Amino acid sequence: MLALPKKAKGFTLVELVTVIVILGIIAASITTFLRYGTQSYTNAVDREEIITTARFAIERLNREIRAALPNSIRTIGQSNQCLEFTPILQSTIYLDIPVAPEPASTKIEVLMLDEDIASTNKYVSVYALNSDDVYSKAAGVIEEYSRLDYSGDKKTPSSINFASAILFKAESPTSRLYFIDRPVSYCVEGSVLYRYQGYTEYSSNNLPSGRGVRMADFIDNFSISGNLIPFQTLPATLQRNAMVIIKLKFLRNLENIIFSHEIQVPNVP
């Protein structure tokens, strides 16, 4: 008896098309899932980098401004793009200073110096009432001294010596004298925040001369209509000390954050 041939086995065209469609749907779903997952991760990284950059810049500003000479803080540059202030090297209490009608003197004594002042910028300030007094080095407000005789003991007076006899304009209500350093500026230039120090002059657009140190990236204050002013200052009143308002917009890819921060200057003349 002859055996019947087995029926040939295989895929029909309908089955093949059905499998291809199902595999396409699965692949599209996986691709979409991976794309959204990757995008979420990228956005989180961008957001974290913006926050880290902003925190560093604002914390540095906060520390330096709080140690600034009273009434030395001002805005410069176009659209107030720079914040300028004069750092304090050390503050102390003076015993007496020459103020008219007293005779001028080449020497004054101070108390409570923590240590000797090692600085090439030998200036002292007494009762500066505005930034013009500070940056013009007004006579009787900002004076350059020639030598500091440090007693080595906070209980023993130290002597500040001047090259010529001087008169101060007014007594400080708290008998406070400040040793000051060269000005410092933070400037928003394009998408970067720079820190300048050690400059002696300004460029044509009223920015500090020299090369600044890069402090923060991804800034977008000046790329939108109705520029977001980065720095504002409020003078001291009878109710509060001077204030600095910082508003920085950070933008990276699709992530943007506006940081608004207020800093109070605790020092008083």
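To start, this report covers the structure provided alongside it. The residue numbering used here restarts from 1 in each chain and proceeds along that chain's sequence as written. Only residues with pLDDT of 70 or above have their local features reported here, since the model is predicted, and side-chain atom pairs are shown and tallied only from 80 upward, although totals for entire chains, interfaces and linings are computed over all residues. Based on all heavy atoms of the structure, the side-chain values leave hydrogens and waters out of the count.

## Observations regarding the layout of surface pockets
For step 1, the next point in the chain: The way it works is a 1 Å grid over only the protein atoms, where trapped points that fit a 1.4 Å probe form a cavity and open points with protein on both sides within 12 Å along at least five of seven lines form a pocket, and then any residue with an atom within 4 Å of a point lines it. Grid points are joined across faces, edges and corners, and a volume is the space filled by probe spheres set on the points. Approximately 260 Å³ is the volume found for the largest pocket.
For step 2, the next point in the chain: Every residue lining the largest pocket is counted, 15 residues in all, and those nearest its centre are Tyr 135, Lys 137, Arg 182, Pro 183 and Tyr 199.
For step 3, the next point in the chain: In this classification, Asp, Glu, Lys and Arg are treated as charged, Ala, Val, Leu, Ile, Met, Phe, Trp, Tyr, Cys and Pro as nonpolar, and every other residue, Gly included, as polar. Of the residues contributing to the lining of the largest pocket, the split by class is eight nonpolar, three polar and four charged.

## Some thoughts on unusual backbone geometry
For step 1, the next point in the chain: Along the chain, Ala 100 connects to Pro 101 via a cis peptide bond; the corresponding omega equals 10°.
For step 2, the next point in the chain: A positive phi angle is found at Tyr 127, which is not glycine, with a value near 60°.
For step 3, the next point in the chain: Every helix listed is a DSSP run of H or I at least four residues long, and every strand listed is a run of E at least two residues long, numbered separately from the N terminus. Here Tyr 127 is to be found in the loop between β5 (123–125) and α2 (131–135).
For step 4, the next point in the chain: Type-normalised accessible area, obtained with a 1.4 Å probe on protein chains alone, sets the label of each residue: buried when under 20%, exposed when over 50%, and partly exposed for intermediate values. Residue Tyr 127 is classed as partly exposed on the basis of its relative accessible area, which comes to 26%.

## Considering the pattern of salt bridges
Pairs can form between side chains of opposite charge once their charged atoms are near each other.
For step 1, the next point in the chain: Salt bridges are identified by distance alone: a Lys or Arg side-chain nitrogen within 4 Å of an Asp or Glu carboxyl oxygen. Tallied over the entire structure, the rule returns nine salt bridges.
For step 2, the next point in the chain: Linked by salt bridges that have partners in common, Arg 60, Glu 64 and Arg 195 make up one network.

## Let's talk about a nonpolar patch on the surface
For step 1, the next point in the chain: Taken together, Leu 13, Leu 16, Val 17, Ile 20, Val 21 and Ile 25 make up a surface patch of nonpolar side chains, about 590 Å² in accessible area.
For step 2, the next point in the chain: In this fold, Val 17 is placed in helix α1 (residues 13–66).
For step 3, the next point in the chain: By relative accessible area, which is 43% here, Val 17 ends up partly exposed. Only residues whose relative accessible area exceeds 30% and that form no salt bridge are eligible for patches; like-charged ones are grouped when within 9 Å, while nonpolar side chains (Val, Leu, Ile, Met, Phe, Trp, Tyr) are grouped when within 5 Å. Accessible areas in this description were obtained via Shrake-Rupley with a 1.4 Å probe; residue shielding takes into account the shown protein chains only.

## Observations concerning the sheet that holds strand β14 (residues 243–252)
For step 1, the next point in the chain: Strand order in the open sheet formed by three strands is β13-β14-β15, with antiparallel pairing between adjacent strands. Each edge of the open sheet carries a strand with a single partner, namely β13 (231–234) and β15 (255–264). If you compare each strand with its neighbour and ignore which way they point, the axes differ by 10° on average.
For step 2, the next point in the chain: In the sheet, β14 pairs with β15 via ten bridges, with the strands oriented antiparallel. Residue Lys 249 lies in a different strand from β15, and its bridge partner there is Ile 258. DSSP bridges decide pairing: two strands pair if at least two such bridges lie between them. Angles shown run from 0 to 180 degrees and are taken between the N-to-C directions of axes, each axis being a line fitted to C-alpha atoms and, for helices, limited to the stretch in contact.

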